[in-house]
Amino acid sequence: MTQPLLSIDDLHKSYGSEEVLEGVGLEMDQGDVTVLIGPSGSGKSTLLRCVNRLTEINSGRIALDGQDVTGAETDVNELRKQVGMVFQDFNLFAHLTALENVTLGPKKVLGMDAADAEAAGRNHLEQVGLLEQADSYPAELSGGQKQRVGIARALAMDPELLLFDEPTSALDPELVGEVVEVMRDLADEGITMLVVSHEMDFARSAASDIVFLDDGEIVEHGPPEQLFQNPTADRTEQFLSRLHAHEETA
Amino acid sequence: MSTAESTTSPNPGLWDRIGTVFTVRPLTVGLALFWVWVLARWTTDFVLAGVSGFDRGTPFIPAAPFLTTADAVASLATPLGAAGAPLVWVADTLRFTADATAYLPALAHGIWTTILLTVFSVCLGFTLALPLSVVRVYGGRWARWLALSYTELIRGTPLLAQLFVLYFATSLTQVLRGVPGVGVGFVPAQAFWVAVISFTLNSAAYQSEYLRASLESVDGGQLTAARAIGLSKLEGIRYVVVPQGLRLALPSWTNELVYLIKYSSLASFITVQELYGRTSTIANETYQYTELFVLVAILYLALVVSASALMDRVESHAATAGVGHTRQ
Ligand SMILES: Nc1ncnc2c1ncn2[C@@H]1O[C@H](COP(=O)(O)OP(=O)(O)O)[C@@H](O)[C@H]1O
Ligand SMILES: [Mg+2]
């Protein structure tokens, strides 16, 4: 029996007295692309941040490759080498060029020497179609380009799992496509991805699983065809119809 | 009519150049003259005087021509009575210029001491300010409280009082006197080092405030992203937050440098013969207070303007697109 790459079990997380995650369970195998959907404030970002321990959990279990993620003895910096993250606001290092953004981690965290890190960094920039912009600073890039650098930066650590937190929400509509395309390529290459996104295009074409999170609980999950066409829960149906209405007006 | 003609004048290049020299460049020309003089003075007094029997402190310009001209102008003014007042003023200015040629070598030496004092204090102050500001922003409760107390103590008390405490109320002077090399050759004596320590401690507090504000203005997402690629908090601060914070702090750092150039004059109260100290010594001997303090004001202005110009260069050199002021 193969163990799942990521397994989350009965995860609880509160901020003060407000319980944000109320017993969440989730499993992902190597190569899975799980898309997490749900209304704003439902706890999607919090769930992602628990996985790479930007946030500490209250109770429950998270295991990556069978290794306990949340234990006190777990080295968070080791964990984060294996879990890349792509942010809604890009968060590119503003004082570094695109290439330097991509090579900082390999140089300082993985201890690669500068030449190797740069060669690898250029490959990753090429992978997201930005080799030309290697020497540009974030302020000189479009939103779509910034997010592709953000993806390259995460890829450069050669992680086992990539987390995406609404990677296209801060983008002008005409720039969404280029980022979705890069993400779809990654999915095709078999990279394991946990993606918070309401980009239906991506969800339909790349996701192996859709998870609907509402009010800190997983209401429903399943393959995209099933969840989108025949949702079992009323809450899912309502959310999807609102999402469609929004998509048509946008 | 005149604008159209002048722009199409036969030799615009030449006129432009003259125009630039006389309208935009006087500051640059003045600063260049100032530094040529200062460097020539240091070379003759500190280097050549030792090597080749050059007289230390001999004025570059003789006083005599100014004095004879002054006498001539004054004698023209006498028969004119009250109407000769402007001529009298010219004669007085010439006489002061004659005196100033005798004072300037000593003031150039004072400039050297002022620059040493300022540069040492700002640089040493910075090495303290950086960890202080990082503690202020990222430290634990007690460390933060300690750093804050230090900053508030220093910023809440007069610099002169701090200087006096170190000089008179501690044994720092004796300790420094015992350090081998202090006061020997080019190494200034202990009072200078007491001033450096005092200004360093003071400047560290102010600089840490500027740096704290800059570190806080770096977007929080920067450190989050640094942590997310596996950098420790300290590494994230070092490689991501601090480099951006320093660029943002440069303008206020320029302020601090300018302040310290001027505040370093307080060192004269503990006998350090920096620019202000030398000036007041001469003034006390000659009673030419007004003239000398106008002169020293001009010299401080030259130092301050030079420092700002230098920092402008540093800023545009350090600027990357989107952080600090933008490079063209
Ligand atoms: N650092 C925090 N401190 C306090 N409350 C937070 C924090 N982060 C998120 N929350 C709260 O947790 C809930 C879920 O937030 P989040 O995970 O960001 O939701 P989503 O990403 O689905 O929009 C929200 O009510 C939000 O206000
Ligand atoms: Mg969110």
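Residues numbered from 1 in each chain as written. Chains lettered and ligands numbered in written order. Predicted model: local features only at pLDDT ≥ 70, side-chain atom pairs only at ≥ 80, totals over all residues. Heavy atoms only, no water.

### With respect to the packing of helix 3 (residues 26-51) of chain B against helix 5 (residues 85-138) of chain B
All names here are of chain B.
Piece 1. At their nearest, the axes of helix 3 and helix 5 sit 10 Å apart, and the two run at 95 degrees to each other. As summarised for this structure, helix 3 and helix 5 are arranged roughly perpendicular, according to the angle between their axes. Counted together, Phe34, Trp35, Trp37, Val38, Arg41, Trp42, Asp45 and Phe46 of helix 3 and Leu104, Pro105, Ala108, His109, Ile111, Trp112 and Ile115 of helix 5 form the full contact between these two elements.
Piece 2. Along the lines of polarity and charge, the residues of the contact of helix 3 with helix 5 split into 12 nonpolar, one polar and two charged. (Axes fitted to C-alpha atoms, helices over the stretch in contact; angles between N-to-C directions. Helix = DSSP H or I, 4+ residues; strand = E, 2+ residues; numbered from the N terminus. Parallel < 35°, antiparallel > 145°, perpendicular 65-115°, else oblique. Contact = heavy atoms within 4.5 Å. Nonpolar A, V, L, I, M, F, W, Y, C, P; charged D, E, K, R; others polar.)

### As for the interface of chain A and chain B
Piece 1. With 23 residues of chain A at the contact, the number on the chain B side is 23 residues.
Piece 2. Between chain A and chain B, the buried area comes to about 1,800 Å², and carbon and sulfur atoms account for 65% of it.
Piece 3. It is A:Phe93, A:His95 and A:Lys108 in chain A that bury the most area against chain B; as a group they hold 30% of the surface buried on that side.
Piece 4. Counting across the chain A and chain B interface gives five residue pairs in polar contact (both at pLDDT 80 or more).
Piece 5. Within the residue set of the side of chain A that touches chain B, elements represented by two or more residues are helix 2 (76-82), strand 6 (83-86) and helix 3 (98-108) of chain A.
Piece 6. Of the residues belonging to the side of chain A that touches chain B, the class tally is 13 nonpolar, five polar and five charged. (Buried area = accessible area lost by both parts, 1.4 Å probe. Polar contact = N/O pair within 3.5 Å; in protein donor to acceptor, adjacent residues only side chain to side chain.)

### Concerning unusual backbone geometry
Piece 1. Even without being glycine, A:Glu166 reaches a positive phi, approximately 45 degrees.
Piece 2. Residue placement: A:Glu166 occurs in the loop between strand 7 (161-165) and helix 6 (173-188).
Piece 3. Here the phi dihedral of B:Tyr287 falls at roughly 65 degrees; this positive angle occurs in a residue that is not glycine.
Piece 4. In this fold, B:Tyr287 is placed in the loop between helix 12 (275-286) and helix 13 (289-318).

### Brief notes about the sheet that holds strand 6 of chain A
Residue and element names in this part refer to chain A.
Piece 1. Pairing is mixed across the open sheet formed by six strands, whose spatial order is 6-7-8-3-9-10. Each edge of the open sheet is held by one strand with a lone partner, namely strand 6 and strand 10 (217-222). Each strand axis lies, on average, 20 degrees off the axis of its neighbour in the sheet, ignoring direction.
Piece 2. Sitting on the sheet, helix 1 (residues 44-51) touches strand 3 (33-37), strand 6, strand 7, strand 8 (193-196) and strand 9 (209-214), and the angle it makes with strand 7 is about 155 degrees.
Piece 3. The strands that helix 6 touches are strand 3, strand 7 and strand 8; relative to strand 8, the one it contacts most, it runs at about 150 degrees. (Pairing = 2+ DSSP bridges.)

### Digging into the nonpolar core
Residue and element names in this part refer to chain B.
Piece 1. Counting residues in each nonpolar core, the largest one holds 51 residues, and the members touching the most others are Phe34, Ile111, Ala195, Phe199 and Leu275.
Piece 2. Those elements that provide at least two residues to this core are helix 3, helix 5, helix 7 (159-169), helix 9 (190-217), helix 11 (233-263), helix 12 and helix 13.
Piece 3. If one sorts the elements of this core by residue count, helix 13 sits on top with 10 residues. (Core = buried A, V, L, I, M, F, W, Y, C linked by side-chain atoms within 4.5 Å. Buried < 20%, exposed > 50% of the residue type's maximum accessible area, 1.4 Å probe, protein only.)

Spatial relationships are all this shows, so hold off on functional conclusions.
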